[in-house]
Amino acid sequence: MSVSPRYAVLGAGNIGSAVIGGMLKSGIAVPEQITATVRSREHADELAGQLNIRVLHGGNLSAVETADVVILAVKPAVMPKVLQEIRWALRDGRILISLAAAFPIALIEGLTGRRMPVFRAMPNIPCVVGAGATGIACNALATSEQKQFVEQIFSAIGVTCFVEEDLLHAVTALSGSGPAYIYMVIEALIAGGLKQGLSHEISTRLAEQTVLGAAKLVKDTGLHPAILRDQVITPGGVTISAIHELESHGLRSMLISAVETATEHSRTVTSKIVERTQISE
Ligand SMILES: NC(=O)c1ccc[n+]([C@@H]2O[C@H](COP(=O)([O-])OP(=O)(O)OC[C@H]3O[C@@H](n4cnc5c(N)ncnc54)[C@H](OP(=O)(O)O)[C@@H]3O)[C@@H](O)[C@H]2O)c1
């Protein structure tokens, strides 16, 4: 990989522009190294102004022609069209990174018709504030140097972990969809505070900081959450009465089942994508 690789980010929407923002902020790349693409001219102009990079509309092929690293951040449904559009420009020595949920590496390889390093990264929405969690998988052609390189890109928007591709379904179910579960928890805590007479503003501030602080304590101490939970419990106290209530409604079991159901759903989505995508020579 060259010392200052050139990047093409195809489909710089929410996630694509968050990745670009992270790369620029962390100094992984300077604006001159990045070309992004979107569909509409208005969005291209807006993004170019925001990020101070070159943004093309309808220019996927020209962005890829000059790139060493191609990041695909379009929606899964648009992937076949975009991959077929750019396949001719994917010369040796390039890396392809797809962010498209549930879109398997084998299909990307089939649609490009190239033997090249292909990565799939599954970030989650907090990456827009630099607090994402990204699961990454790759094909057998990726070298350990390229893995480190890709890991560095996603470290700019949060934490990363490498997994086997099949486990990306579980990553999608846990951290990909996870923010939605936690938003429900925050929403419910706010409602609990409101019901007990706290103002909306105070309930919100306390609920968001409680979730943030609890997660930070798990992360910083490295202790199992069950140990930290026990530390908050006083025999016969307030917390244990609330925990009894949560246990009687099956909070933990519900979350385990949610992750299980979402994992299976992600597998189904992949099967449907594979079924309906035709690979032409
Ligand atoms: N959102 C998440 O939490 C999340 C998490 C992990 C992975 N992902 C994956 O990330 C990808 C992007 O999701 P997103 O939420 O960022 O979607 P998004 O905000 O809708 O961004 C998609 C972008 O693609 C552009 N686009 C559409 N057709 C194009 C084409 N033919 N060539 C180039 N650009 C094109 C759109 O341009 P215009 O704006 O001009 O229409 C838009 O900016 C998806 O594959 C999704 O599965 C999302």
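Structure first, text after, so check above.
To keep things clear, this report deals only with the structure shown in the data block. Quick caveat: nothing in here was measured; it's all calculated off a predicted structure.

### Regarding helix H12 (residues 251–276)
Here H12 is 26 residues long and its end C-alpha atoms lie 37 Å apart, about the 38 Å a rise of 1.5 Å per residue gives. Every buried residue belonging to H12 is among Thr263, Ser266, Thr270 and Ile273, and all of these are buried. On its buried face, H12 sits against helix H5 (105–112) and helix H7 (168–176).

### A few points about the pattern of salt bridges
Where side chains of opposite charge bring their charged atoms close, a pairing between them can arise. By the definition in use, this model includes 8 salt bridges. A salt bridge links glutamate 165 to arginine 120, with the shortest nitrogen-to-oxygen separation between them at 2.8 Å. Separated by 45 residues along the polypeptide, glutamate 165 in the loop between strand E8 (158–162) and H7 and arginine 120 in strand E6 (residues 118–122) bring together distant segments of the chain. Here arginine 120 falls in the buried class, since its relative accessible area comes to 5%. It is possible to trace a salt-bridge network through shared partners that takes in Asp166, Glu264 and Arg267.

### Concerning the packing of helix H4 (residues 79–86) against H5
Across the interface, H4 lies against H5 with an axial gap of 8 Å and an inter-helix angle of 40°. In terms of orientation, H4 and H5 fall into the oblique class. In this structure, the crossing between H4 and H5 has a hand that is right-handed. Across the interface between the two elements, Met79, Pro80, Leu83 and Gln84 of H4 pack against Ile108, Leu111 and Thr112 of H5.

### As for the nonpolar core
Residues Tyr7, Met23, Ile71, Ile97 and Phe154 are the most contacted members of the largest nonpolar core, which totals 34 residues. Setting aside residues no more than four positions away along its own chain, phenylalanine 154 makes contact with Val19, Ile97, Leu99, Ala121, Thr134, Ile136 and Thr160. Formed by 26 residues, the second largest nonpolar core is a distinct cluster that contains Leu56, Val64, Leu107 and Leu111.

### Here's the deal with the side chain of threonine 112
Take threonine 112: it is sitting in helix H5. A polar contact is formed between the side chain of threonine 112 and the backbone oxygen of glutamate 109, at a distance of 3.2 Å. When near neighbours in sequence (up to four residues on either side) are disregarded, threonine 112 contacts Leu83, Arg87, Leu90 and Leu96.

### Quick look at the sheet that holds strand E5 (residues 95–98)
Either a parallel or an antiparallel arrangement is found when strands of a sheet pair, and the pairing is made through backbone hydrogen bonds. Read from one edge of the open sheet, 8 strands run E3-E2-E1-E4-E5-E6-E7-E8, paired in mixed fashion. Lying at the two open borders of the sheet, with one neighbouring strand each, are strand E3 (54–57) and E8. Mean inter-strand twist for the sheet, computed between neighbouring axes without regard to direction, equals 20°. Helix-sheet contacts for helix H1 (residues 14–26) involve strand E1 (7–10), strand E2 (34–38) and strand E4 (69–72), and the interaxial angle to E2 is about 165°.

### Concerning the site of the ligand
In the vicinity of the ligand, 24 residues are found, and the nearest of them are Ile15, Arg39, Ser40, His43 and Val74. In the model, an oxygen atom of the ligand is placed 2.7 Å from a nitrogen or oxygen of the arginine 39 side chain. A distance of 2.6 Å is found between an oxygen atom of the ligand and a backbone nitrogen or oxygen belonging to valine 74. Out of a free accessible area of 910 Å², the ligand has 82% covered by protein chains. The set of elements that each furnish at least two residues to the shell around the ligand consists of H1, E2 and H4. Of the residues in the shell around the ligand, the class split is 14 nonpolar, 7 polar and 3 charged.

### With respect to the environment of threonine 37
When you line up the elements, threonine 37 lands in strand E2. Separated by 37 residues in the primary sequence, threonine 37 and valine 74 place their C-alpha atoms 9.5 Å from one another. Residues within four places of threonine 37 in sequence aside, it is in contact with Val9, Leu10, Gly11, Ala12, Leu56, Gly59, Asn60 and Ala63. A distance of 2.7 Å separates the side chain of threonine 37 from the side chain of asparagine 60, its partner in a polar contact.

### Notes on the pairing of E3
Here 4 bridges tie E2 to E3, and the two strands are oriented parallel to one another. Following the sheet pairing, threonine 37 is matched in E3 by leucine 56.

### As for the pairing of strand E7 (residues 132–138)
Burial within E7 is extensive, with 6 of its 7 residues counted as buried. The pairing of E6 with E7 spans 4 bridges and is antiparallel. What sits directly across from methionine 122, in E7, is glycine 135. For the segment spanning E7, helix H6 (residues 144–155) and E8, crossover handedness is right-handed.

What counts and what doesn't
Each chain has its residues counted from 1, running along the sequence as written. Thresholds applied to this predicted model are a pLDDT of at least 70 for local features of residues and 80 or more for the giving and counting of side-chain atom pairs; totals over whole chains, interfaces and linings are not thresholded and use all residues. Remark: hydrogens and water are excluded; side-chain values derive from all non-hydrogen atoms of the structure. For the purposes of this entry, the term helix denotes a DSSP run of H or I that reaches at least four residues, the term strand denotes a run of E that reaches at least two, and both are numbered from the N terminus. A helix is expected to span 1.5 Å for every residue after the first. A 1.4 Å probe rolled over the protein chains alone gives each residue an accessible area, and that area as a share of the maximum for its type sets the label: buried under 20%, exposed over 50%, partly exposed in between. Two residues form a contact once any of their heavy atoms are found within 4.5 Å. One speaks of a salt bridge when a side-chain nitrogen belonging to Lys or Arg is within 4 Å of a carboxyl oxygen belonging to Asp or Glu. In this analysis an axis means a line fitted to C-alpha atoms, helices contributing only their contacting stretch, and an angle means the value between N-to-C directions, from 0 to 180 degrees. Here the word oblique covers every angle except those under 35 degrees (roughly parallel), over 145 (roughly antiparallel) and from 65 to 115 (roughly perpendicular). We call a crossing left-handed when the near helix sits turned anticlockwise from the far one by less than a right angle, and right-handed when that turn is clockwise. The definition of a nonpolar core used throughout is a set of buried Ala, Val, Leu, Ile, Met, Phe, Trp, Tyr and Cys residues joined through side-chain atoms within 4.5 Å. Nitrogen and oxygen atoms within 3.5 Å of one another constitute a polar contact, given that in protein one can donate a hydrogen and the other can accept it, and given that sequence-neighbouring residues count only through two side-chain atoms. Only strands that DSSP links by at least two bridges are regarded as paired with each other. Throughout, the term near means that a residue has one or more heavy atoms lying within 4 Å of the molecule or strand in question. Where accessible areas are quoted, they stem from the Shrake-Rupley method and a 1.4 Å probe; at the residue level, only the protein chains shown are allowed to cover. Nonpolar residues are Ala, Val, Leu, Ile, Met, Phe, Trp, Tyr, Cys and Pro. Charged residues are Asp, Glu, Lys and Arg, and all others, Gly as well, are polar. Handedness rule for crossovers: strands pointing away from the viewer, path from the first strand over the helix to the second running clockwise, crossover right-handed.

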